[in-house]
Amino acid sequence: MAEKVVPLADHRYASRVPVVPAVAMPATGSLADTLGRPLRDLRISVTDRCNFRCSYCMPKEVFDKNYQFLPHSSLLTFEEITRTARLFVAHGVHKIRLTGGEPLLRKNLELLVEMLNGLRTPDGQPLDLTLTTNASVLAKKAQALKDAGLRRVTVSLDALDDAIFRRMNDADFPVAEVLAGIEAAERVGLGPIKVNMVVKRGTNDGEIVAMARHFKGTPIILRFIEYMDVGATNGWRMDEVLPSAQVIARLNDVFPLETIEPNYTGETAERWRYRDGSGEIGVISSVTQAFCHDCNRARLSTEGKLYLCLFATQGHDLRALLRGDYSDEQIAAAIGLIWQARGDRYSELRSAQAADTGGGERRVEMHYIGG
């Protein structure tokens, strides 16, 4: 009998090789965790690299020229990503979001999009295939992504004022090029487009109304995200969090708003619309109004670790199974066991937990598993 080789995982974050059950139960398309939450959304990080150095995600003093990113051999191949995605779809996933780092830095990403676009849910429906990007190269890539089958994009944009934006991305990147990327995505039909603004009190909260004014009257949905304590390198402080309730109050003073119902169970953003009918905004309030109770998202890291929460300290090394002698049925069964044991609800418990675990386990960084 040939010796089975299980590849070592990257050791910068704690992980375990999943248990493969002796008897593989088939996927049914219906999977629930310990809190009754289904598995519906898979976020796949395709690279841990980014050309921005935003302080809330990849601060330059940590991610400098000496920082050791993952070698290419550690990354999941497009074939491995597609195989894994197929197994998640069999368990009930109907939405896949490609993230990073900056996903458009992954060479030939449109080939992966085309491969994922060929997947179908158990009832034969196409996936909701999306991508989050800083839009730095979106103007060049938009048409190819659309042709490959990408449905829509979400763009990160933290300010319209060029000086503030350059200071926040810490790469001296102009806001005009991001806006050009958004225009290109709109032109080729990658919509409805969402624009995410991370709000840091004292840094860019003066841009809230200007951002709303810019996108008001367009099909683009602007969403304001509370500054979160993801990872352990961004120097997060509660006094830099501007609660979403205050964001809404500022906007309502200028543009009267009213609430609208969520599009689906588990939607992260609380939805609002302008009373004059000129558009929609959203707020994502992970810090002050946790939404763990209906979180249906799993995250796959660049090199194949499965994380069950954005604030996780430990992952599950699916790459070890993908590169081992395991069948699709066995890996699907292992995924099922992992999700069924899930009880994560960090944001609901935040006040009772320290910003750093202090026990040697690091919370995973945002650039490693996406937002």
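Because the structure is a prediction, the values reported are computed rather than measured.

What counts and what doesn't
Position numbers for residues count from 1 along each chain, tracking the sequence in the order it is written. Owing to the predicted nature of the model, reporting of local features is limited to residues with pLDDT of at least 70; listing and counting of side-chain atom pairs is limited to 80 or more, with chain, interface and lining totals taken over all residues. Values reported for side chains reflect all heavy atoms of the structure, with hydrogen atoms and water molecules removed beforehand. Numbering of helices and strands runs from the N terminus; a helix is a DSSP stretch of H or I covering at least four residues, while a strand is a stretch of E covering at least two. Contacts: residue pairs with any heavy atoms within 4.5 Å of one another. A pair of strands is treated as paired once DSSP finds two or more bridges between them. Looking down the strands as they point away from you, a crossover is right-handed if its path from the first strand over the helix to the second goes clockwise. In this text, buried Ala, Val, Leu, Ile, Met, Phe, Trp, Tyr and Cys residues form a nonpolar core when linked through side-chain atoms within 4.5 Å. Burial classification: accessible surface area is computed with a 1.4 Å probe over protein chains only, and a residue below 20% of its type maximum counts as buried, one above 50% as exposed, and the rest as partly exposed. What counts as a ring pair is set by centres within 6.5 Å for rings of Phe, Tyr and Trp (its six-membered ring), and what kind of pair is set by the plane angle: stacked under 30 degrees, edge-to-face over 60, tilted for all other angles. The salt bridge criterion pairs a side-chain nitrogen of Lys or Arg with a carboxyl oxygen of Asp or Glu, the two atoms within 4 Å.

S.K.: Please set out the overall build of the protein residue by residue, giving values where relevant.
M.R.: Check the secondary structure of the protein and you find 11 helices and 13 strands. Taking as baseline every contact in the protein between residues at least 6 positions apart, the subset at least 24 positions apart corresponds to 75%.

S.K.: Which residues make up the pairing of strand β4 (residues 128–133), and what values do they have?
M.R.: With 4 bridges joining them, strand β3 (residues 95–99) and β4 adopt parallel strand pairing. Bridging across to β4, Leu-98 finds its partner in Leu-131. Note that the unit made of β3, helix α2 (residues 109–117) and β4 has a crossover that is right-handed. Running through helix α3 (residues 138–148), the crossover from β4 to the neighbouring parallel element strand β5 (residues 152–156) is right-handed.

S.K.: Any chance you could break down the nonpolar core for me, citing the residues and the numbers?
M.R.: Counting 105 residues, the largest nonpolar core has Ile-96, Leu-98, Leu-157, Ile-182 and Phe-224 as the members making the most contacts within it. Among the elements that take part in this core, helix α5 (residues 175–188) stands out by supplying 7 residues, more than any other. Discounting residues that sit within four places of it in the chain, Leu-98 has contacts with Ile-44, Val-46, Pro-103, Leu-109, Leu-112, Val-113, Leu-116, Thr-130, Leu-131 and Thr-132.

S.K.: So, unusual backbone geometry: which residues are in play, and what are the values?
M.R.: Cis geometry marks the peptide bond from Gly-100 to Gly-101, where omega comes out at 10°. Relative to the helices and strands, Gly-101 resides in the loop between β3 and α2. Geometrically, the link from Gly-191 to Pro-192 is a cis peptide bond, its omega value of 5° lying close to zero. Structurally, the position occupied by Pro-192 is in the loop between α5 and β6 (194–199).

S.K.: Any details on the packing of aromatic side chains? Residues and values, ideally.
M.R.: With the rule as written, the count across this model stands at 5 aromatic pairs. With a centroid separation of 4.8 Å and an interplanar angle of 70°, the aromatic rings of Tyr-67 and Phe-69 are classed as edge-to-face. Given a relative accessible area of 15%, Phe-69 falls into the buried group. Pairing Phe-255 with Tyr-274 gives two aromatic rings, centres 5.8 Å apart and planes at 85°, and the pair type is edge-to-face. Taken as a pair, Phe-255 in the loop between α7 (244–254) and β8 (257–259) and Tyr-274 in strand β9 (residues 270–274) lie far apart in primary sequence, 19 residues in all. Residue Phe-255 shares its accessibility class with Tyr-274, and that shared class is buried. Among the aromatic residues, those joined into a cluster by ring pairs are Phe-52, Phe-165 and Phe-173.

S.K.: Before we move on, can you summarise the pattern of salt bridges with the specific residues and values?
M.R.: Once their charged atoms are close, side chains differing in charge can pair, the charge on each being opposite to the other. In total, this model carries 15 salt bridges according to the counting rule given. Residue Asp-33 is joined to Arg-37 by a salt bridge in which the shortest nitrogen-to-oxygen separation is 2.6 Å. Using a relative accessible area of 1% as the deciding quantity, one classes Arg-37 as buried. One salt bridge connects Glu-303 with Lys-305, and the closest N-O pair in it is separated by 3.7 Å.

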